[in-house]
Amino acid sequence: MSVAAHSKLVSMSQAIAEHVPTGSSVLMGAELEQMIPFSAGHEIIRQGRRELTLIGPISDMLFDLMIGAGCVSRVMAAWVGNASVGVGYCFRRAVEQGIPHAIETVDYTNFTLAMALHAAALGVPFLPTYAALGSDLLQSNSNLSEFKSPVGEDRLIAVQALRPDVAILPVQRADAAGNSHLWGNFGVAIDGARASRKVIVVAEEIVPPEVISSDPNRTLIPGFLVTAVVHEPWGAHPAPMQGYYGRDHAFFAEYHEESRKAEDFDRWLECWVLNLPSRAEYMVKLGSTRSADLKVRNHAYTAPADFGF
Amino acid sequence: MIAFALAKRTHAPRATGLFENGIMRDEPASTLLYTMGDPSNLFQATFCGDMISVMSLLQQGRVNVGFLGAAEVDRFGNLNTTWGSRNGQRVRLPGSGGACDIACLAQRTVVILAHETQRLVARVKHITSPGNGDGAGWRSEQGLPAHSGPSAIITTMGVFRFGPDGEAFLASIHPGISLQEVAKNTGWTTRVADDLVPTPVPTEDDLAALREIDPSHFWTKA
């Protein structure tokens, strides 16, 4: 089998240019604080995308900086901020003052967002839950509506299925066809891959298909669901990638301070996104000392599992 | 995260920690966590999976206690983490995350926050995560599970518990804090338990554990 014939490998700039047009709904940050596709977000900003709908449970600071860069018209999320340090200033400026422009917020809870993607992954129009009963979220999110159970007396929330145009999912390793191994916590990534019309996999490593098929339990995104594969080492920094690098806590804290004022944020954006054409240049700017500090120091390999027969 | 680590070392050695990103742990992480997705929280976890595998257990009523922070809590234990205000201006806060799910579905919920008038308000402006709504019976009217709801509000001045009418009352007061200080910093007329007690001070073992879990006081700073 010729690998080239089945290869979906493209550069990050090609993947974003082809699959994330202006107006798209984009699932990012599906694994919560782990494995956030920061390099994809930076490329979306550089390519000047506008009017995106960002979808994700909690986005850490990625949604905040994309909002500040003016790419976003709507956010469908459970939480938007900067996880270890607090609020997201760009999100606040956009919602409170319309800077750089007003955005619509569709507030979910983590569980209801997970169920919205799960419903789409299952191919059903909605799923029922008791979560969010009594919450004022119901007044602002028309995708959550109360109904009476047809099989009892219970009141429930119908969570409408949510089908993003594209999911951008960092993974530890993939083959060129997009079959992807992930490990760690998955958040909503597995449902997200099944729910979305297109999937861009951002792989830390590209491996031969035999590596993937040696451990099919770890293949959480089958390649036939994948539209494009991007090989992007360090693509999640400053978020962690289990087994490759840790979380750059200081980077999140620095962003928090440097995004407090709009003009400081603009400088930060130029410095860390607009003036750097690719992740390779970003890593040069970050510096080898800082990246060396984040690398895994104590490897912890799993026990092998025997798939023999 | 710190409450779980402390409980494991003290009264609840067999507790399991569940994290909504998909992690379950029998032992707390070996380093301080800045987020639940820090690599040390995945290392030697008991289970790593997706969000629904954890939240499904919550919805079944199998999670005993949930811990929540909040920008605002009111006298019925309702939480607001969506819309705040500062100097009369609306302030957009990050939102629910998993807090609303936990407040709806955990068997009991413990809220932890700094005791300030702008945080302990008579009525939250927005119910992000429901407590007892407007009083007794409200949760069942909404359709929330029978065995769920707020159990305590732990502040920097005392501990509130909830009466049969669904309203919070001061059950214990921290040493060195007066009732006047509590009243001055609470946005509603505080009811006080007939048998109000001083909050037990942390034991030497508790403090030693906390200092070991958070040596740089990242989360436990005053």
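Residues take numbers from 1 onward in each chain, read along the sequence in its written order. Throughout, the order in which chains and ligands are written sets their labels, letters from A for the former and numbers from 1 for the latter. A pLDDT threshold of at least 70 governs which residues receive local features in this predicted model, and a stricter bar of 80 or more applies before side-chain atom pairs are shown or counted, although totals over entire chains, interfaces and linings include all residues.

Colleague: Explanation requested: the overall build of chain A in the structure shown.
Modeller: Regarding its fold elements, chain A presents 13 helices and 15 strands. Its C-alpha atoms give chain A a radius of gyration of 20 Å, near enough to 19 Å, the size a compact globule of 309 residues would have. By principal-axis analysis of the C-alpha atoms, chain A measures approximately 60 × 55 × 35 Å. Across the 309 residues of chain A, 51% fall into the buried class. Contacts here follow a simple rule: the backbone-placed C-beta atoms of the two residues must lie within 7 Å. Of the contacts formed within chain A by residues at least 6 apart in sequence, a portion of 74% connects residues at least 24 apart. Runs of E in the DSSP output that reach at least two residues are strands. Runs of H or I that reach at least four are helices, and both are numbered from the N terminus. The atom set for the radius of gyration is the C-alpha atoms, and the globule formula is 2.2 Å times the number of residues raised to the power 0.38. For the exposure call, what matters is how many other C-beta atoms sit within 10 Å of a residue's own: 20 or more marks it buried, 12 or fewer exposed, and in between partly exposed, using C-beta atoms placed from the backbone.

Colleague: Teacher, can you tell me more about the overall build of chain B here?
Modeller: A count of helical and extended segments in chain B gives 7 helices and 14 strands. Viewed in the frame of its principal axes, chain B has a C-alpha envelope of about 50 × 40 × 35 Å. Looking at chain B as a whole, 41% of its 222 residues qualify as buried.

Colleague: What is the right way to look at the domain arrangement of chain B in this model?
Modeller: When the parts of a complex come together, some accessible area is lost, and that lost area is often used as the size of the interface. All names here are of chain B. Segmentation of chain B into domains returns domain 1 (1–63) and domain 2 (64–202). Where each domain begins and ends follows an automated or database-derived domain assignment. Computed over C-alpha atoms, the centres of domain 1 and domain 2 are 24 Å apart. Tallying contributions element by element places helix 3 (residues 51–59) first for the side of domain 1 that touches domain 2, with 3 residues.

Colleague: What am I meant to see in the sheet that holds strand 4 (residues 65–68) of chain B here?
Modeller: Where strands meet in a sheet, backbone hydrogen bonds hold them as pairs that are either parallel or antiparallel. Residue and element names in this part refer to chain B. Across the sheet, which stays open at both edges, the 6 strands sit in the order 4-9-11-12-13-14 with mixed pairing between neighbours. Two strands lie at the open edges of the sheet, namely strand 4 and strand 14 (191–198), each paired on one side alone. The sheet shows a mean angle of 20° between the axes of neighbouring strands, taken without regard to direction. Pairing between strands is defined by DSSP: at least two bridges between them are needed. Inspection of the sheet shows strand 12 (residues 158–162) paired to strand 13 (residues 168–173) by 5 bridges, in the antiparallel sense. Pairing of F160 across the sheet is with L170, part of strand 13. Whenever a helix is involved, its axis is fitted only over the stretch in contact; in every case the axis is a line through C-alpha atoms, and angles between N-to-C directions fall within 0 to 180 degrees.

Colleague: Could you clarify how one ought to interpret the pairing of strand 11 (residues 150–154) of chain B in this entry?
Modeller: Note on strand geometry: in a regular strand, side chains alternate between the two faces of the sheet. Residues and elements named next belong to chain B. The pairing of strand 9 (residues 108–112) with strand 11 spans 4 bridges and is parallel. Across the sheet, T109 pairs through a bridge with P150, a residue of strand 11. In the sheet, strand 11 pairs with strand 12 via 3 bridges, with the strands oriented antiparallel. Bridge pairing in strand 12 places I154 opposite V159. Here strand 11 folds back onto strand 12 in antiparallel fashion, the turn holding 3 residues.

Colleague: Teacher, can you tell me more about the packing of helix 1 (residues 2–9) of chain B against helix 7 (residues 204–213) of chain B here?
Modeller: Each pair of packed helices can be described by the angle between their axes along with the distance between the axes. Residue and element names in this part refer to chain B. Where helix 1 contacts helix 7, the axes come no closer than 10 Å and their chain directions differ by 135°. With respect to helix 7, the axis of helix 1 lies oblique. Pair helix 1 / helix 7 crosses with right-handed handedness. Across the interface between the two elements, I2, A5, L6 and R9 of helix 1 pack against D206, A209, L210 and I213 of helix 7. For classification purposes, angles smaller than 35 degrees are called roughly parallel, those larger than 145 roughly antiparallel, those between 65 and 115 roughly perpendicular, and all remaining angles oblique. Should the near helix be turned anticlockwise from the far one by less than a right angle, the crossing is termed left-handed; should it be turned clockwise, right-handed.

Colleague: It is not clear to me how the environment of V182(B) should be interpreted in this structure. Could you clarify?
Modeller: All names here are of chain B. Position of V182 among the secondary structure elements: in helix 6 (residues 179–184). V182 gets classed as buried once you count the C-beta atoms within 10 Å, which come to 20. Sequence separation of V182 and R139 is 43 residues, and the distance between their C-alpha atoms is 28 Å. Dropping the residues within four chain positions of it, V182 is found in contact with M157, G158, L170, I173, I177 and T190.

Colleague: How do you make sense of the pairing of strand 8 (residues 89–92) of chain B when you look at a structure like this?
Modeller: Residue and element names in this part refer to chain B. Here 4 bridges tie strand 7 (residues 83–86) to strand 8, and the two strands are oriented antiparallel to one another. Directly across from S85, in strand 8, lies its bridge partner R90. The turn linking strand 7 back onto strand 8 is made up of 2 residues, and N87 within it adopts a positive phi angle of 50°.

Colleague: Just to check I follow, could you spell out the sheet that holds strand 10 (residues 155–160) of chain A for this structure?
Modeller: Residue and element names in this part refer to chain A. Strand order in the open sheet made by the 3 strands is 8-10-9, with antiparallel pairing throughout. If you trace the sheet from one side to the other, it starts and ends with strand 8 (126–129) and strand 9 (144–148), each paired once. Ignoring strand direction, the axes of neighbouring strands in this sheet form an average angle of 35°. Here strand 8 runs beside strand 10; their pairing, made up of 4 bridges, is antiparallel. Bridging from a neighbouring strand, L127 pairs with V159 of strand 10. Each of strand 8, strand 9 and strand 10 is contacted by helix 6 (residues 110–122), which is oriented at about 145° to strand 8, the strand it contacts most.

Colleague: Quick question: what am I supposed to make of the environment of T112(A) here?
Modeller: Residues and elements named next belong to chain A. With respect to the helices and strands, T112 occurs in helix 6. Classification of T112 by C-beta neighbours within 10 Å gives buried; the count is 28. Between the alpha carbons of T112 and A78 there is a distance of 8.5 Å; along the sequence they are 34 residues apart. Dropping the residues within four chain positions of it, T112 is found in contact with T129, A131, A132, L144 and V159.

Colleague: Any chance you could explain the interface of chain B and chain A here in plain terms?
Modeller: Taken together, the contacts link 44 residues of chain B with 47 residues of chain A. Elements supplying a minimum of two residues to the side of chain B that touches chain A: helix 2 (39–42), helix 3, strand 8, helix 4 (99–105) and helix 5 (138–142) of chain B. Gly is put with the polar residues, along with every residue not named as nonpolar or charged; the nonpolar set is Ala, Val, Leu, Ile, Met, Phe, Trp, Tyr, Cys and Pro, and the charged set is Asp, Glu, Lys and Arg. Taken together, the residues that form the side of chain B that touches chain A break down as 20 nonpolar, 17 polar and 7 charged.

Colleague: Help me understand helix 3 (residues 38–46) of chain A in this model?
Modeller: For an α-helix, 3.6 residues make a turn, and residues three or four places apart therefore share a direction. All names here are of chain A. Most of helix 3 is tucked away: 7 of the 9 residues are buried. Taken together, the buried positions of helix 3 are occupied by F38, S39, A40, G41, H42, E43 and I44. Looking at the packing, one finds that the buried side of helix 3 touches helix 2 (12–19), helix 4 (61–68), strand 11 (166–174), strand 13 (198–206), helix 11 (262–274) and helix 12 (279–286). G48 sits one or two positions beyond helix 3 and adopts a positive phi of about 70°.

Colleague: It is not clear to me how the nonpolar core should be interpreted in this structure. Could you clarify?
Modeller: All names here are of chain A. By definition, a nonpolar core groups buried Ala, Val, Leu, Ile, Met, Phe, Trp, Tyr and Cys residues that connect through C-beta atoms lying within 7 Å of each other. Of all hydrophobic cores here, the largest spans 145 residues; its most connected members are L54, M66, A77, I168, L169, I200 and V201. Considering each element in turn, this core owes the most residues, 8 residues, to helix 6. Setting aside anything within four residues of it in sequence, one finds I200 in contact with A15, H19, A40, V166, I168, T227, A228 and V230.

Colleague: Help me out: how do you make sense of unusual backbone geometry in this one?
Modeller: Negative phi is the rule for most residues except glycine; trans is the rule for most peptide bonds. Residues and elements named next belong to chain A. Residue P100 follows I99 across a cis peptide bond; omega there is -5°. Looking at the element boundaries, P100 is found in the loop between helix 5 (89–97) and strand 7 (104–107). Its identity is not glycine, yet W234 carries a phi of approximately 65°, on the positive side. Among the structural elements, W234 can be located in the loop between strand 15 (228–231) and helix 10 (249–258).

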